[in-house]
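Coordinates in review
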Amino acid sequence: MATRIACFVARKYPRKSSNSPRFVRSFCSSQNGGGPVKDITSIPLSQPLPNFPQAKHAMINTHTYDTNVTTLDNGLKVASENKFGEFCTVGIAIDSGPRYESPFPSGIQHFLEKLAFSSTTEFASRDMILQELERHGGICDCQGSRDTLIYAVSAARKGLSSVVNLLSEVVLRPKLTEEEIREGAAAISFELEALNMRPDPEPLLMEIIHEAGYRNNTLGLPKICSEESLPLINRNIIMTYLKNCHDPSRMVLAGVGVEHNELVQMAEEYFGKKKPIWMEESGIIDASKHLDESLSQYTGGLVKVEKDLSNVSLGPTAMPELAHLVIGLESSSHKHDDFIAFCVLNMMMGGGGSFSAGGPGKGMFTRLYLNVLNKHHWMYNATAYNHAYADSGLFCIHASAHPTKMKELTSIIVKELVNTCSYVSENELNRAKTQLQSMLLMNLESRPVVFEDIARQVLANGCRRPPQWYYDEIGKITEEDIQRVAARMMNSKPAVAALGSLQFLPEYEEIQRGMINRDRRNARRFSLFR
């Protein structure tokens, strides 16, 4: 039946395209001087067909866009990269975060995320801001990390002037009314309740492992506002923090899909001539409070949070009760020469959840999948992370299993950390480097990701290195580099974070002794885990 239908279609609609068998035979014969016919499909798509007229309107755009950086008189850095398209992404990256909050109640940046894009001196309410963005098909967002706060807007290019003006209002001239602060506190309170109820404890674990790694200083200060801090944060406290932190010299105005000179002119107009609101209301500023600019001090240590997780996930698809363990060691800052090697090591360790083998950052051939998840059916998660900051870094492995398996789980994770100093096969190294290179290039296909890459690099280094530089540096990493950075990492005191029912968790001193044992031959036989 299928053959008869195909014959009918061929008779009723004869093929006239260049893909017909007659064309292929004649084309190949003409290219070979009447000799043996060469299959046209053997010619790569990256090469034009020889002696075949090319469509004049089809041409490859070989133009590459460079990142331009200009520093204004007030210290504001303006960075941009033009890109074809009707839309652009523009935003402000600020050297701000919980690492600077030592003189203040913890959680101010968490408050700022909730209060972002609220009323300003020019826009009376959040609704007016959203209506202004709607006129240009725009969306906005504000996200913070431990050392950076980013306000970003994506909108049509023709609305660039309105977008930059809006960003200047949001960053420099927020009203921060009492009603908005109450609403922000309510939103944070609700979020804290949700965090304690959600099955995935990763945000809480990242808080705890940083607290363990940097005890009571800089990167160890809490990113999530606590219930105790909520009543302590008021308008005067926030304005004092903004006065110290939201200075143009600590900011980068970055844009993707915009003309650089145009962006610089708008930056001078809206960020150079406008005065911040805290200069007009200087009476509310507490002159005794300044940012903590000290360098981070890695300490290591143990933080345990006993918590009943037996009823966190309810319903017919409920997850089993789990206990969670994170073991971390000091790695390197993103400015250090070893940063790329730590990124490759992180990709080589990989891991993930036991429910699947794919996805970014893990895979069937990573060490944590092959040596942990694939061999121990009771292990529900084993994932490697590498957090890099301006002056330090934290390499850690998060693992989870039933509380009764915590002793075995700890033994396995310690062994994998110790084995990072051991033999690295050529295949696993090349696979990790290739995966990291592909992830780098694929992520940079997205305009918002390019914006964040530009903003963070210029904020940290004053310039932006092109993706090709990172691609090449990843390719240069050798087995000796991995072993060297792993040995350096193992010299630090372990940071341990645990969450759940922890009666079977080994003592911290036992974990530390297991990390000190570097003998590869005895790595499987730690005395503390016999």
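Residues numbered from 1 in each chain as written. Predicted model: local features only at pLDDT ≥ 70, side-chain atom pairs only at ≥ 80, totals over all residues. Heavy atoms only, no water.

**A look at the confidence of the model for the protein**
The test is simple: In predicted models, pLDDT denotes the confidence assigned by the predictor to each residue on a 0 to 100 scale. What makes two residues a contact is simply this: any of their non-hydrogen atoms within 4.5 Å.
Summarising the model, the protein shows a mean pLDDT of 87, and 85% of its residues fall at 70 or more. Confidence over residues 1–27 falls short of pLDDT 50; this stretch has 11 contacts with residues more than four positions distant or in other chains. Low confidence marks residues 520–530, where pLDDT is under 50. Its contacts with residues over four positions away, or in another chain, come to 26 contacts.

**Here we look at the sheet that holds strand E12 (residues 495–500)**
Test applied: Between any two strands, pairing holds if DSSP finds at least two bridges. Note on conventions: DSSP H or I runs of at least 4 residues are helices, E runs of at least 2 residues are strands, and numbering of each starts at the N terminus. Comment: axis = line fitted to C-alpha atoms, over the contacting stretch for helices; angle = value between 0 and 180 degrees taken between N-to-C directions.
With mixed pairing, six strands are arranged side by side in an open sheet as E7-E12-E8-E11-E10-E9. In this open sheet, the two strands that pair with only one neighbour each are strand E7 (301–306) and strand E9 (351–353). Averaged over all adjacent pairs, the angle separating strand axes in this sheet is 20°, with direction ignored. Here strand E8 (residues 323–330) pairs with E12 via five bridges, running antiparallel. Bridge pairing links His324 to Leu499 in E12. Packing of helix H11 (residues 339–349) onto the sheet brings it into contact with E9, strand E10 (381–388) and strand E11 (393–401), and relative to E10 it is tilted by some 170°.

**Quick look at the side chain of Ser422**
Selection rule: Burial here depends on accessible area, computed with a 1.4 Å probe over protein chains only, as a share of the maximum for the residue type. Under 20% is buried, over 50% is exposed, and the range in between is partly exposed. In the analysis that follows, any N or O atom pair within 3.5 Å is treated as a polar contact, provided that within protein one partner can donate a hydrogen and the other can accept it, and provided that, for residues neighboring in sequence, both atoms belong to side chains.
With respect to the helices and strands, Ser422 occurs in the loop between helix H13 (406–418) and helix H14 (426–443). With relative accessibility at 13%, the residue Ser422 sits in the buried group. A distance of 2.5 Å separates the side chain of Ser422 from the backbone oxygen of Asn419, its partner in a polar contact.

**With respect to the pattern of salt bridges**
Test applied: Salt-bridge detection follows one rule: a side-chain nitrogen of Lys or Arg within 4 Å of a carboxyl oxygen of Asp or Glu.
Scanning the entire structure with this criterion turns up 23 salt bridges. Residue Asp338 pairs with Arg484 through a salt bridge whose shortest N-O separation is 2.7 Å. Linking Asp338 in the loop between E8 and H11 with Arg484 in helix H17 (residues 479–490), this pair joins segments that are 146 residues apart in sequence. For Asp338, a relative accessible area of 7% puts it in the buried group. The network of salt bridges with common partners includes Glu122, Glu169, Arg173, Lys274 and Glu280.

**Remarks on helix H9 (residues 260–272)**
The α-helix winds at 3.6 residues per turn, so residues separated by three or four positions along the chain end up facing the same way. As a reminder of what qualifies: When we speak of the arc, we mean the arc of directions from the helix axis to the C-beta atoms.
For H9, the complete set of buried residues consists of His260, Leu263, Val264, Met266, Ala267, Tyr270 and Phe271. For H9, the angular spread of the buried residues around the axis is 165°, confining them to a single face. Facing away from the buried surface of H9 by more than 90 degrees, the exposed residues are Asn261 and Gln265. Buried residues in H9 make contact with strand E1 (68–71), strand E2 (77–81), strand E3 (87–94), helix H5 (160–172) and strand E6 (251–256).

**Side note on the nonpolar core**
The condition is simple: Throughout, nonpolar core names a set of buried Ala, Val, Leu, Ile, Met, Phe, Trp, Tyr and Cys residues whose side chains join them through atoms within 4.5 Å.
Val90, Phe111, Tyr151 and Leu253 are the most contacted members of the largest nonpolar core, which has 60 residues in total. Of all the elements, H5 adds the most residues to this core, at eight residues. In terms of nonpolar packing, the next biggest core, distinct from the first, is built from 53 residues, Met347, Val485, Ala486 and Tyr508 among them.

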